[in-house]
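Summary of the model geometry
Listed below are the residues making up each chain.
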Amino acid sequence: MADQAFVTLATTDSYAKGAMVLGMSLRNHNTSRKLVAMIGPHVSEPCRAVLHKIYDEVRLVDILDSGDTAHLAMMKRPDLGVTFTKLHCWTLTQYSKCVFMDADTLVLYNIDELFEREEFSAAPDPGWPDCFNSGVFVFRPSNETYGKLLTTCSEDGSFDGGDQGVLNSFFSDWATADISKHLPFIYNLSSIAIYTYLPAFKQYGHAAKVVHFLGKVKPWDYSYDTTCKTIKGQSQDASDMHPNYLLKWWELFSSSVLPLMKEEYGDQPFNSGCMESPIHEVAKKPHHPPPTQMSSQERKQKWEQGQADYMGQDSFENIEKKLDSFLK
Ligand code: UDP
Ligand code: GLC
Ligand code: MN
């Protein structure tokens, strides 16, 4: 067991908050595996200290962009994103098998059974199910594989500009070769799927083990009222109708992560680094507040780009109301 680990990545303090909540969720569900957080050089000292309290190992990695081993790879695709840094996970060779999880995922049940799977196992992407989503995957660290992945980067680039494109090109037989490498969707339930196939969500959603807050707006972009235990701008009855994953994320953040952060920052309001607003009032000011006034054309465009405002205007509650009005 000591040679198996859950691995995540955070290159900024915002994603570090996600990593803290993810790590806590794995601990709360009694994982027997090691927890490893890969961080970039821009993660602040207090955030690193908090990560050290939750994770067994906090590993500083280079941002994969021009200027390091992936330099040549990047030259061909200047638009490639920071998510290439994820590929560093193959260099964690002190572990024989790992499960990578995006920092915007939240674990709802123990998922140690994922270690029974082989490289490369992942769940289908909700947007194109013949591709896997690279937010949760089982892999075997290997410097050889790492080298080959970088070669793929330099020769073919990434069709989506991020790690998911490269990984799908590299593990290109995933869709057809071995069904045991298709993780059930419940290990990477993206909130988007709630809207794209609502009846299936109603039928199977209760079994979800991992929620993935895929998309531009992340849980830490919202504000949480620690006194009322509500997300600012969300109506109370939204949580009565379906599991409110966003609220779950914030509950865990405020009950388990905030106390650790307070140890680092003292009782002062967190005005820099990890926190931007006083913790006793509203725990977080939105970075990217969901657009309030958008034309329906703009909104349609956002939907088509996979950027539904699924926690606001396009919330489960609103969509369900709309569907109900059609069905009536
Ligand atoms: N990530 C990061 N810093 C960034 C962007 C991404 O550390 O600036 C990491 C983080 O682990 C994140 C993952 O890369 O969860 C993939 O990005 P994201 O989750 O934003 O992509 P999405 O799942 O929304 O497509
Ligand atoms: C995806 C995945 C994410 C990945 C990104 C870039 O949407 O959810 O894990 O990093 O694409 O390829
Ligand atoms: Mn993600």
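Residues numbered from 1 in each chain as written. Chains lettered and ligands numbered in written order. Predicted model: local features only at pLDDT ≥ 70, side-chain atom pairs only at ≥ 80, totals over all residues. Heavy atoms only, no water.

Most of strand 7 (residues 132-139) is tucked away: eight of the eight residues are buried. Two strands pair when backbone bridges link them, and strand 4 (residues 97-101) and strand 7 are joined in this way by four bridges, in the antiparallel orientation. Across the sheet, the residue bridging to Met101 is Val136, located in strand 7. As judged from the three bridges shared by strand 6 (residues 121-124) and strand 7, these two strands associate in the antiparallel manner. Residue pairing in the sheet places Pro124 in a bridge with Phe132 of strand 7. (Buried < 20%, exposed > 50% of the residue type's maximum accessible area, 1.4 Å probe, protein only. Helix = DSSP H or I, 4+ residues; strand = E, 2+ residues; numbered from the N terminus. Pairing = 2+ DSSP bridges.)

Glancing now at the coordination of the manganese ion (ligand 3). In this structure, Asp102 (OD), Asp104 (OD), Asp104 (OD) and His212 (NE2) serve as the protein donors to the manganese ion (ligand 3), at separations of 2.2 to 2.3 Å. For the manganese ion (ligand 3), the six donor atoms in the first shell make angles of 56 to 172° at the metal, a pattern classed as irregular. All donors of the manganese ion (ligand 3) come from a single chain, and their spacing in sequence reads D-x1-D-x107-H. With Asp102 in the loop between strand 4 and strand 5 (105-107) and His212 in strand 9 (residues 210-212), this residue pair connects regions lying 110 residues apart in the sequence. We classify Asp102 as buried; its relative accessible area is 15%. What makes His212 buried here is its relative accessible area of 2%. (Donors = N, O, S within 2.8 Å, 3.2 Å for Na, K, Ca; no water. Tetrahedral: all angles 85-135°; square planar, octahedral: opposite > 155°, others 65-115°.)

Mean pLDDT over the protein chain stands at 82; residues scoring 70 or higher make up 73%. Ignoring residues within four places in sequence, the model shows residues 66-80, a span with pLDDT below 50, making 27 contacts including any to other chains. (pLDDT = per-residue confidence, 0-100. Contact = heavy atoms within 4.5 Å.)

When you tally the buried positions in helix 5 (residues 163-170), you get six out of eight residues, the bulk of the element. Listed as buried for helix 5 are Asp163, Gln164, Gly165, Val166, Leu167 and Asn168. Buried positions along helix 5 lie against strand 7 and helix 4 (143-156).

Strands sit in the order 3-2-1-4-7-6 across an open sheet of six strands; the sheet is mixed. Every interior strand has two partners, whereas the edge strands, strand 3 (57-60) and strand 6, have only one. Within the sheet, the average angular offset between the axes of one strand and its neighbour, ignoring direction, is 25°. With four bridges joining them, strand 1 (residues 4-10) and strand 4 adopt parallel strand pairing. For Gln4, the partnering residue across the bridge sits in strand 4 and is Lys97. (Axes fitted to C-alpha atoms, helices over the stretch in contact; angles between N-to-C directions.)

So, on to the side chain of Asn188. Here Asn188 shows up in the loop between helix 5 and strand 8 (189-190). With sequence-adjacent residues up to four places away left out, Asn188 is seen in contact with Ala123, Asn133, Gly135, Val136, Val210 and His212.

This structure, assessed with the given rule, holds 19 aromatic pairs. For the pair Phe170 and Phe171, a centre-to-centre distance of 4.9 Å together with 85° between the ring planes defines the contact as edge-to-face. Judged by relative accessible area, which is 24%, Phe170 ranks as partly exposed. Here the aromatic cluster, defined as three or more aromatic residues joined through ring pairs, consists of Trp90, Phe100, Phe120, Phe132, Phe137, Phe139, Phe170, Phe171 and Trp174. (Phe/Tyr/Trp six-rings, centres within 6.5 Å; stacked < 30°, edge-to-face > 60°.)

Looking now at the nonpolar core. Counting 60 residues, the largest nonpolar core has Met20, Tyr55, Met101, Ile111 and Tyr245 as its most contacted members. In terms of residues, this core owes the most to one element, helix 9 (residues 245-265), which gives twelve residues. Ile111 has contacts with Phe6, Leu26, Met101, Tyr187, Lys209 and Val210, leaving out every residue within four places of it along the chain. Grouped together as the second largest cluster of nonpolar side chains are 28 residues, Leu64, Leu87, Tyr146 and Leu167 included. (Core = buried A, V, L, I, M, F, W, Y, C linked by side-chain atoms within 4.5 Å.)

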